[in-house]
Amino acid sequence: MVNQLYITAFYVLFALLAPPVTLGTICKVKARLQNRIGAPLWQPIFDILKLLRKDETLSKTASWVFRFAAAINCSLAIYLVVSVPWLQPKPEWGGIDLFTFVYLLAAMRLFTLLAAMDTGSAFGAFAASREATLSFLVEPASVLSLASLGIVSNSPQLNIIFGFHNMHAFHPGLWAISGTALLLASIVELSRMPIDDPTTHLELTMVHEAMLLEASGRNLLLFEYANTLKLTVLFGLSAQCYLHLIPLPVDSRWEVYAIGSVVMLLVVAVTVAVFEALAVKLHWTKAPDFIAYAITLAVIGSILALGAGGI
Amino acid sequence: MSLSLNDLVAFSIAVCAILMVGSTHLRLNIFLFSLQTMLLVYLSTLYAHHHAEEHLYLIALALFALKAVGVPVFLLRIIRQVHVQRDAGTLLSAPIAMHTALAFLAVSYMLARQLPVPPSAGLGWPGATAAISLVCTGLLLMLTRRIALSQIIGFLVMENGIYLFGLTQTRGMPMLVEMGVMLDVLVGVMISGLLAFRIQKSFEHIDVSMLVDSKE
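Residues numbered from 1 in each chain as written. Chains lettered and ligands numbered in written order. Predicted model: local features only at pLDDT ≥ 70, side-chain atom pairs only at ≥ 80, totals over all residues. Heavy atoms only, no water.

## Topic: the overall build of chain A
Stage number 1. Helix and strand counts for chain A stand at 11 helices and 0 strands.
Stage number 2. Sequence-ordered secondary structure for chain A, helices as α and strands as β, is α-α-α-α-α-α-α-α-α-α-α.
Stage number 3. For 311 residues, the compact-globule formula gives about 19 Å, and the C-alpha radius of gyration of chain A, at 19 Å, lands near that figure.
Stage number 4. The C-alpha extent of chain A, read off along each of the three principal axes, is 60 × 45 × 40 Å.
Stage number 5. Within the span of chain A, comprising 311 residues, buried residues form 55% of the whole.
Stage number 6. Within chain A, residue pairs in contact and separated by at least 24 positions form 81% of the contacts whose partners lie at least 6 positions apart.
Stage number 7. Surface exposure of chain A reaches about 13,400 Å², of which carbon and sulfur atoms provide 70%.
Stage number 8. Of note, chain A has its 18 positive side-chain charges centred 7 Å away from the centre of its 19 negative side-chain charges. (Helix = DSSP H or I, 4+ residues; strand = E, 2+ residues; numbered from the N terminus. Rg over C-alpha atoms; globule rule 2.2 N^0.38 Å. Buried < 20%, exposed > 50% of the residue type's maximum accessible area, 1.4 Å probe, protein only. Contact = heavy atoms within 4.5 Å. Areas by Shrake-Rupley, 256 points an atom, 1.4 Å probe, with all protein chains shown as cover. Lys, Arg positive; Asp, Glu negative; His and termini not counted. Charge placed at Lys NZ, Arg CZ, Asp CG, Glu CD.)

What follows is the structure in structure tokens.
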């Protein structure tokens, strides 16, 4: 019982702390690789505080959808953080299955698209069309990579697939391939490099940031925070896949898993940052080539899962 | 029934080949081919260790020296000399070709399940799947590329597939056969590499799709 209490405290603490720090780590590592000092690790927290103090400007054509979308986006993201096992050990509450997870992400995207088109800005609508294109291209990769893990675990519940009592289901090749497919898919879902450069000055070419051009003040805060949470959940899930590569003893104490998953999350964040610093943004027509790699790895993972056991 | 280490290494060789089809960057292709051959070397030593077959160690050594290091270095030199970086590709674009290779992987899985499982070879089918898909992928690589160098790489991938089939199904062919095959491959690569260089000198490109009309 005392253990459960500690686990819950750990999870709540890190669910609050990890998202801004993960984003901060990516920005910091990227800055260092570009020979800049870079903002401190907790800069995202300062940004949140700054946005809280700002006034808000609303477009005249914006309807209630615009405000509603930001709120529902943020609440869906918080729901994902408490129910998806992106950090182990996770307390018992709130499990969802992999399809709910993928389509809740799609629901978040739907509301962002609605908000982007609601304000009547041409940039927003452009970006919305790009985001919609990317999302339907990448969907097979994210569903199949999670499904292949579900096949070997004989369950669609994310809590069971990633649970640490499932560590003995030791398929290192499958975890590596599906984890990489999931990581590539998350890069596309979050529209980061090489699909899109979130730090460029050209709003016309951007995907995620161009959709939020009209948002300001607390509205922007809600969108940004939702996106940070989504980033942490997606990268955290890939980190969990890589953590399963390490044959930890089945009866380890929960602290081992806790330290392992935090370290692995940081490793994934640093890897993504290094990759982003080295990569060049792909031409828009080349984006499907990149997604094709994610889909290929996911399909290979499924073939491996079907062959190796499960069903 | 979970996969053993051998089966996983065999599978990752096939994965390397499929990723090669997806990239038209010649240097990346050569690196992936080298990585694939290194994995093949590792698999050979694993088999040699498991079944106590000394001659597999020698074959692995020759594979490493010739195909994992020698041939890639030679091909990289040719690339530097003929100044090509990318392959334009024909007929199928790279992502579609990669998905076709996936379909081949599925087909070879079905074929491999039909094969009789050899005694003392473990599960049997994972190695056979990887080997058949490697042959198909090499063929696909040769068919969908324009540059003569990519076709050499495709040929080498096919050869790796045949070796992998022999290794996983029959614990490797006799030393003499294997050495002969390797010598043939080496000479073939040398000749076709020099040929590519000559084509570049006479026609100022190595695009084979423009070599269809014969000149009197």
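Picking up where we left off.
## A look at the pattern of salt bridges
Residue and element names in this part refer to chain A.
Stage number 1. Applying the stated criterion across every chain yields a total of 6 salt bridges over all chains.
Stage number 2. Across the pair Glu276 and Lys30 runs a salt bridge, and its minimum N-O distance is 3.1 Å. Of this pair, Glu276 sits in helix H10 (residues 254-278) while Lys30 sits in helix H1 (residues 2-33), and the two are 246 residues apart along the sequence. Each of the two residues, Glu276 as well as Lys30, counts as buried. (Salt bridge = Lys/Arg side-chain N within 4 Å of Asp/Glu carboxyl O.)

## Here's the deal with a nonpolar patch on the surface
Residues and elements named next belong to chain A.
Stage number 1. The grouping of Val12, Leu16, Ile78, Tyr79, Val82 and Trp93 at the surface amounts to a nonpolar patch, some 530 Å² of accessible area in total.
Stage number 2. Listed by contribution, the elements that provide at least two residues to the nonpolar patch are H1 and helix H3 (64-83).
Stage number 3. Among the secondary structure elements, Val82 is positioned in helix H3. (Patch = residues over 30% accessible without salt bridge, like charges linked within 9 Å, V, L, I, M, F, W, Y side chains within 5 Å.)

## Thoughts on the nonpolar core
Stage number 1. Trp86(A), Phe101(A), Leu158(A), Phe162(A), Phe235(A), Leu75(B) and Leu149(B) are the most contacted members of the largest nonpolar core, which totals 139 residues.
Stage number 2. In terms of nonpolar packing, the next biggest core, distinct from the first, is built from 12 residues, Ala70(A), Phe111(A), Leu212(A) and Leu221(A) among them. (Core = buried A, V, L, I, M, F, W, Y, C linked by side-chain atoms within 4.5 Å.)

## Focus on the interface of chain A and chain B
Stage number 1. Listed by partner, the interface residues are 17 residues for chain A and 18 residues for chain B.
Stage number 2. Summing both sides of the interface, chain A and chain B together bury roughly 1,500 Å²; the carbon and sulfur share of this comes to 80%.
Stage number 3. Sorting the residues of chain A by area buried against chain B places Tyr293(A), Ile300(A) and Ile303(A) first, and these three jointly supply 35% of that buried surface.
Stage number 4. The interface formed by chain A and chain B holds 0 salt bridges in total.
Stage number 5. Applying the counting criterion to the chain A and chain B interface returns 2 residue pairs in polar contact (both at pLDDT 80 or more).
Stage number 6. If you list the elements that add at least two residues to the side of chain A that touches chain B, you get helix H7 (172-189) and helix H11 (287-308) of chain A.
Stage number 7. The element that contributes the greatest number of residues to the side of chain A that touches chain B is H11(A), accounting for 12 residues.
Stage number 8. Across the side of chain A that touches chain B, the residue classes tally to 11 nonpolar, 5 polar and 1 charged. (Buried area = accessible area lost by both parts, 1.4 Å probe. Polar contact = N/O pair within 3.5 Å; in protein donor to acceptor, adjacent residues only side chain to side chain. Nonpolar A, V, L, I, M, F, W, Y, C, P; charged D, E, K, R; others polar.)

## Observations regarding the packing of helix H2 (residues 26-51) of chain B against helix H6 (residues 148-170) of chain B
Packed helices, taken two at a time, are described by their axes: the angle between them and the distance between them.
All names here are of chain B.
Stage number 1. At a minimum axis distance of 11 Å, the contact between H2 and H6 shows a crossing angle of 15°. As summarised for this structure, H2 and H6 are arranged roughly parallel, according to the angle between their axes. The hand of the H2/H6 crossing is left-handed. Residues Leu26, Asn29, Ile30, Phe33, Gln36, Thr37, Leu40, Leu43, Ser44 and Tyr47 of H2 form the contact with H6, whose participating residues are Leu149, Ser150, Ile153, Leu156, Val157, Asn160, Tyr163, Leu164, Leu167 and Thr168. (Axes fitted to C-alpha atoms, helices over the stretch in contact; angles between N-to-C directions. Parallel < 35°, antiparallel > 145°, perpendicular 65-115°, else oblique. Left-handed = near helix turned anticlockwise from the far one by under 90°.)

## Describing the environment of Lys281(A)
Residue and element names in this part refer to chain A.
Stage number 1. Residue placement: Lys281 occurs in the loop between H10 and H11.
Stage number 2. Judged by its relative accessible area of 35%, Lys281 is partly exposed.
Stage number 3. Spatially, the C-alpha atoms of Lys281 and Ala106 are 24 Å apart, while their sequence positions differ by 175 residues.
Stage number 4. Discounting chain neighbours no more than four positions away, the residues touching Lys281 are Met193, Pro194, Ile195, Asp196, Asp197 and Thr205.

## Thoughts on the side chain of Arg109(A)
Residues and elements named next belong to chain A.
Stage number 1. Looking at the element boundaries, Arg109 is found in helix H4 (residues 98-118).
Stage number 2. A residue is classified by how much of its surface remains accessible, and Arg109, at 9% relative accessible area, is buried.
Stage number 3. Among the polar contacts listed, one links the side chain of Arg109 to the side chain of Glu131, at a separation of 3.2 Å.

## Notes on the confidence of the model for chain B
Stage number 1. When pLDDT is averaged along chain B, the result is 82, and 90% of the positions lie at 70 or above.
Stage number 2. With pTM at 0.84, the complex prediction returns an ipTM value of 0.74. (pLDDT = per-residue confidence, 0-100.)

## Some remarks on the side chain of Thr129(B)
Stage number 1. By the element assignment, Thr129(B) lies in helix H5 (residues 125-144).
Stage number 2. With sequence-adjacent residues up to four places away left out, Thr129(B) is seen in contact with Phe11(B), Leu105(B), Ser108(B), Tyr109(B) and Ala112(B).

## Regarding the environment of His244(A)
Residues and elements named next belong to chain A.
Stage number 1. With respect to the helices and strands, His244 occurs in the loop between helix H9 (217-243) and H10.
Stage number 2. Judged by relative accessible area, His244 falls into the buried class, the value being 2%.
Stage number 3. C-alpha of His244 to C-alpha of Gly260: the two residues are 16 residues apart in sequence and 10.0 Å apart in space.

## Focus on H2(B)
Stage number 1. When the terminal C-alpha atoms of H2(B) are compared, their 37 Å separation across 26 residues agrees well with the 38 Å that a helix rising 1.5 Å per residue should span.
Stage number 2. One or two steps after H2(B), the chain reaches Ala52(B), where phi turns positive at roughly 50°. (Expected span 1.5 Å × (residues − 1).)

## Points about the packing of aromatic side chains
One pair of aromatic rings is described through two measures. These are the centre distance and the angle between the planes.
Residues and elements named next belong to chain A.
Stage number 1. Counting across every chain of the model gives 5 aromatic pairs over all chains.
Stage number 2. Seen in terms of ring centroids, Tyr11 and Trp86 are 6.2 Å apart; in terms of plane orientation they differ by 50°. Their pairing is tilted. Residue Tyr11 is located in helix H1, and its partner Trp86 is located in the loop between H3 and H4; the two are separated by 75 residues in the primary sequence. Exposure class is identical for Tyr11 and Trp86. Each is buried. (Phe/Tyr/Trp six-rings, centres within 6.5 Å; stacked < 30°, edge-to-face > 60°.)

## Looking at the packing of H4(A) against helix H5 (residues 122-153) of chain A
Residues and elements named next belong to chain A.
Stage number 1. Across the interface, H4 lies against H5 with an axial gap of 10 Å and an inter-helix angle of 180°. Of the possible angle classes, the one that applies to H4 and H5 is roughly antiparallel. Taking contact as the criterion, the partners of Leu98, Phe99, Phe101, Val102, Tyr103, Arg109, Leu113, Ala116 and Met117 in H4 are, on H5, Gly124, Ala125, Ala128, Glu131, Ala132, Ser135, Glu139, Ser142, Val143, Leu146 and Ala147.
Stage number 2. When its residues are assigned to classes, the contact of H4 with H5 shows 14 nonpolar, 3 polar and 3 charged.

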